[in-house]
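As a plain string of letters, each chain reads:
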Amino acid sequence: MLRSVFFVSVKSTPWPHDGSDMKAIGEIARARNASLGITGALISTEDHFAGILEGPPPAIDAVMASIFRDARHWRVTVLEEVDLAERLFDRWSLAFAGRASLVDLRVTPRLLSVPADPADVRHLKELIRAFAGAL
Ligand SMILES: Cc1cc2nc3c(=O)[nH]c(=O)nc-3n(C[C@H](O)[C@H](O)[C@H](O)COP(=O)(O)O)c2cc1C
């Protein structure tokens, strides 16, 4: 079985001072995800992260536990957690959207309030798939 978790969060260090955080996250995420059979995508905007992880449930639980306690962001908000028949992302990738980006407009502020509008969640997910080249 595969599980998918879709989350958004607020960066502790916004662009343009977030370069070292991004580099460190990318390095650990690529290595750890590959070792655990996790695929997905992470979008970094000026102020936010939006990430989708998919893989075996115990692996997803372990990485999400790390992500929740990571001080490089806060207000980690799970938008969707679903079981999947097949992966939507067949590789891990990082797509960077620049400042004042379309993605920032999509994340702020409604997705960070609970419960999020399902149409907002669907649109952002499609945008991330497009950025990650998964469409
Ligand atoms: C927005 C964001 C996304 C992250 N995504 C991943 C990820 O997909 N996989 C991963 O292993 N770590 C990811 N990390 C890093 C983890 O939070 C954590 O630092 C790392 O997995 C090491 O785990 P540990 O701190 O429990 O040892 C992410 C961190 C942030 C802030």
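Residues numbered from 1 in each chain as written. Predicted model: local features only at pLDDT ≥ 70, side-chain atom pairs only at ≥ 80, totals over all residues. Heavy atoms only, no water.

S.K.: Whenever I open this one, the site of the ligand confuses me. Can you help?
M.R.: As a structural note, the neighbourhood of the ligand is formed by 16 residues, with R32, N33, S66, R69 and D70 the closest of them. Contact between the ligand and S66: an oxygen atom at 2.6 Å from a side-chain N or O atom of the residue. Relative to its unbound accessible area of 610 Å², the ligand is 83% covered by the protein chains. Of all the cavities here, the one that holds the ligand is the largest pocket. For the shell around the ligand, the secondary-structure elements that each account for two or more residues are α1 (19-36), β3 (48-55) and α2 (57-68). When residues in the shell around the ligand are grouped by element, the largest group, five residues, is from α1. (Near = heavy atom within 4 Å. Polar contact = N/O pair within 3.5 Å; in protein donor to acceptor, adjacent residues only side chain to side chain. Areas by Shrake-Rupley, 256 points an atom, 1.4 Å probe, with all protein chains shown as cover. 1 Å grid on protein atoms, 1.4 Å probe; cavity = no way out; pocket = protein on both sides within 12 Å on 5 of 7 lines; lining within 4 Å. Sits in = over half its atoms within 2 Å of the grid points. Helix = DSSP H or I, 4+ residues; strand = E, 2+ residues; numbered from the N terminus.)

S.K.: Help me out: how do you make sense of the packing of α1 against α2 in this one?
M.R.: When two helices pack together, their arrangement is given by the angle between the helix axes and by the axis-to-axis distance. As a packed pair, α1 and α2 sit with axes 10 Å apart at the nearest point and diverge in direction by 160°. The orientation of α1 with respect to α2, classified from their angle, is roughly antiparallel. As α1 packs across α2, the resulting crossing turns out to be right-handed. Facing α1, whose interface residues are R32, N33 and L36, α2 presents A59, A62, V63 and S66. (Axes fitted to C-alpha atoms, helices over the stretch in contact; angles between N-to-C directions. Parallel < 35°, antiparallel > 145°, perpendicular 65-115°, else oblique. Left-handed = near helix turned anticlockwise from the far one by under 90°. Contact = heavy atoms within 4.5 Å.)

S.K.: Would you mind going over the side chain of T77 with me for this structure?
M.R.: Along the chain, T77 turns up in strand β4 (residues 73-84). What makes T77 buried here is its relative accessible area of 11%. Sequence-distant contacts of T77, defined by excluding residues within four places in its chain, comprise F6, F7, V8, L111, L112 and V114. (Buried < 20%, exposed > 50% of the residue type's maximum accessible area, 1.4 Å probe, protein only.)

S.K.: I tried to follow the pattern of salt bridges on my own but got confused; where do I start?
M.R.: Pairing between side chains of opposite charge can happen when the charged atoms of each approach one another. Taken as a whole and assessed by the stated rule, the structure comprises five salt bridges. Between K11 and D18 there is a salt bridge, with its nearest N and O atoms 2.4 Å apart. Given a relative accessible area of 4%, K11 falls into the buried group. (Salt bridge = Lys/Arg side-chain N within 4 Å of Asp/Glu carboxyl O.)

S.K.: Just checking my understanding: could you explain the pairing of strand β2 (residues 39-44) for this structure?
M.R.: Each regular strand shows side chains that alternate between the opposite faces of the sheet. Counting buried positions along β2 gives six out of six residues, so the element sits mostly inside the fold. Both faces of β2 are covered, namely the face carrying T39, A41 and I43 and the face carrying G40, L42 and S44. Here β2 runs beside β3; their pairing, made up of six bridges, is antiparallel. Across the sheet, residue A41 finds its bridge partner in β3, namely I52. In textbook terms, the turn of a hairpin is the stretch between consecutive antiparallel strands, and for β2 and β3 this stretch comprises three residues. (Pairing = 2+ DSSP bridges.)

S.K.: What is the right way to look at the side chain of T39 in this model?
M.R.: Relative to the elements of secondary structure, T39 occurs in strand β2. Here the side chain of T39 touches R87 through a polar contact of 2.8 Å, side chain to side chain. Apart from residues no more than four positions distant in its own chain, T39 is found in contact with I52, L53, E54, R87, F89, D90, R91 and W92.

S.K.: Explain the nonpolar core to me, please; I cannot follow it from the model alone.
M.R.: The tendency in soluble globular proteins is for nonpolar side chains to be buried as a group. Counting 18 residues, the largest nonpolar core has F6, V8, L79, L124 and I128 as its most contacted members. For this core, the leading source of residues is helix α4 (residues 118-131), giving four residues. With residues up to four places along the chain from it excluded, the contact list for F6 reads G51, I52, T77, V78, L79, E80, V121, L124, K125 and I128. By size, the runner-up hydrophobic cluster in this structure holds 16 residues, among which are V5, A29, A59 and M64. (Core = buried A, V, L, I, M, F, W, Y, C linked by side-chain atoms within 4.5 Å.)

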